[in-house]
Amino acid sequence: MLRDGWYRSAKLLARLMMPTFGRVEVEGVENVPPFGPLIIAANHQSNADPPVLVHAFPRPIWFVAKRGLFVTLPVRYILRRLHARPVARDGRDVDAVKWAIEQVAQDHALLIFPEGTRSPGALAPGGDGLAYLALRTQAPIIPVGITGTERINNYARVAFPFTRIKVAIGEPFTLPVVEGRLPRAALHSMTEMIMERIAALLPQPYRGVYGAERCAPGET
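Sequence order as written defines residue numbering, which begins from 1 separately in each chain. Given that the model is predicted, a residue must reach a pLDDT of at least 70 before its local features are reported, and side-chain atom pairs must reach 80 or more before they are shown or counted; all residues, however, enter totals for whole chains, interfaces and linings. Side-chain calculation: all heavy atoms of the structure are included, whereas hydrogens and water are not.

Caption draft 1: A look at the side chain of Arg 59. Looking at the secondary structure, you find Arg 59 in the loop between helix H2 (49–56) and strand E3 (61–66). Each polar contact in these results corresponds to two N or O atoms within 3.5 Å; when the atoms are within protein, one needs to be able to donate a hydrogen and the other to accept it, and residues that are neighboring in sequence are counted only if both atoms are side-chain atoms. Reaching out from Arg 59, the side chain makes a polar contact with the backbone oxygen of Asp 107 at a distance of 3.1 Å. Any pair of residues with heavy atoms lying within 4.5 Å of one another is described as a contacting pair. For Arg 59, the contacting residues outside a window of four places in its chain are Tyr 7, Val 32, Pro 33, Pro 34, Phe 35, Gly 36, Leu 38, Asp 107, His 108 and Ala 109. The numbering of helices and of strands both runs from the N terminus, where a helix is a DSSP run of H or I of at least 4 residues and a strand a run of E of at least 2.

In structure tokens form, the structure reads like this:
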């Protein structure tokens, strides 16, 4: 209950703080399943992305954050109460992977930034960790495209009141069930499919390496 209280307070604070960042538009909330396991796959533009998504999503989310944010005991305490778990930036954190699988097994909504780090303005290649996690758990994936937060360099410098932030939430989908060991090339192909779903929710200039020719026909 205490942990839920911390998260509810953070969500309320995020809602109050959003006007400081600028105008926030959320599209596709109806696509979010109200319960059950879920993996949220979003592009990552700035440190403002997690609080923006906390504000945008109608259900609590859990997420991994770079270990460097957990610098002091009070900060570690607060971040853990807000459903965050530290992860090594090189992606070789076995304990973090186990933790992520546990969260999905508990029917939580788990946020993953497949790029692995911030990529302001344009999508960077996605890592295979998210596809691996989705195959292991068979949880549905919901793609999310975020625009505008790249103008927020840090929490001390905001473009008040001119920043326009948009969170586009796509339809959930699942990866095919795979029996036996999956070749690395096949895993990477599934990563590319996930990234293209994210890219399809972004305006053309934001798609980076996942340009128009790689997105579904008719997407903008």
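Don't stop here, the text continues.
Caption draft 2: A look at the pattern of salt bridges. Every case where a carboxyl oxygen of Asp or Glu lies within 4 Å of a side-chain nitrogen of Lys or Arg is listed as a salt bridge. Applying the stated criterion to the full structure yields two salt bridges. Residue Lys 166 is joined to Glu 27 by a salt bridge in which the shortest nitrogen-to-oxygen separation is 3.4 Å. One end of the pair, Lys 166, is in strand E7 (residues 164–169); the other, Glu 27, is in strand E1 (residues 23–27), and 139 residues separate them in sequence.

Caption draft 3: Here's a closer look at the packing of helix H5 (residues 129–137) against helix H6 (residues 184–199). Helix axes are fitted to C-alpha atoms over the stretch in contact, other axes to C-alpha atoms as well, and angles between N-to-C directions run from 0 to 180 degrees. One can describe the packing of H5 onto H6 by two numbers: an axis separation of 8 Å at closest approach and a directional angle of 100 degrees. As the angle between them shows, H5 and H6 are arranged roughly perpendicular. Residues Leu 130, Ala 131, Tyr 132 and Leu 135 of H5 form the contact with H6, whose participating residues are Leu 187, Met 190, Thr 191 and Ile 194. Note on angle classes: values under 35 degrees are labelled roughly parallel, values over 145 roughly antiparallel, values of 65 to 115 roughly perpendicular, and the remainder oblique.

Caption draft 4: Spotlight on the pairing of E7. Following DSSP output, two strands are said to pair if at least two bridges run between them. Taken together, the five bridges between E1 and E7 define a ladder with parallel strand orientation. Within E7, the position partnered with Glu 25 by the bridge is Lys 166.

Caption draft 5: Focus on the nonpolar core. In this structure, Ile 39, Leu 110, Ile 141, Leu 175 and Ile 194 are the most contacted members of the largest nonpolar core, which totals 28 residues. Among the elements of the structure, strand E2 (38–42), helix H4 (94–105), strand E5 (109–112), H5 and H6 are those that each provide at least two residues to this core. The leading source of residues in this core is H6, at six residues. Apart from residues lying up to four places away in sequence, Ile 39 is in contact with Val 104, Leu 110, Ile 112, Leu 130, Leu 133, Ala 134, Thr 137, Ala 139, Pro 140, Ile 141 and Ile 142. Among the buried residues, those of types Ala, Val, Leu, Ile, Met, Phe, Trp, Tyr and Cys that are joined through side-chain atoms within 4.5 Å form a nonpolar core. Using a 1.4 Å probe on the protein chains alone, a residue whose accessible area is under 20% of its type maximum counts as buried, one over 50% counts as exposed, and one in between counts as partly exposed. Core analysis: the next-biggest nonpolar cluster, separate from the first, contains 24 residues, Ala 42, Leu 53, Leu 111 and Ile 142 among them.

Caption draft 6: Seen up close, unusual backbone geometry. One non-glycine residue, Asp 107, lies in positive phi territory at about 65 degrees. Since its relative accessible area comes to 41%, Asp 107 is described here as partly exposed. The phi dihedral of Gln 138 is positive, around 55 degrees, even though this residue is not glycine. Under the relative-accessibility criterion, Gln 138 is labelled partly exposed at 31%.

Caption draft 7: Focus on the environment of Leu 130. Looking at the element boundaries, Leu 130 is found in helix H5. The exposure class assigned to Leu 130 is buried, which follows from its relative accessible area of 4%. Distance from Leu 130 to Glu 115, taken between C-alpha atoms, is 9.7 Å for residues 15 residues apart in sequence.

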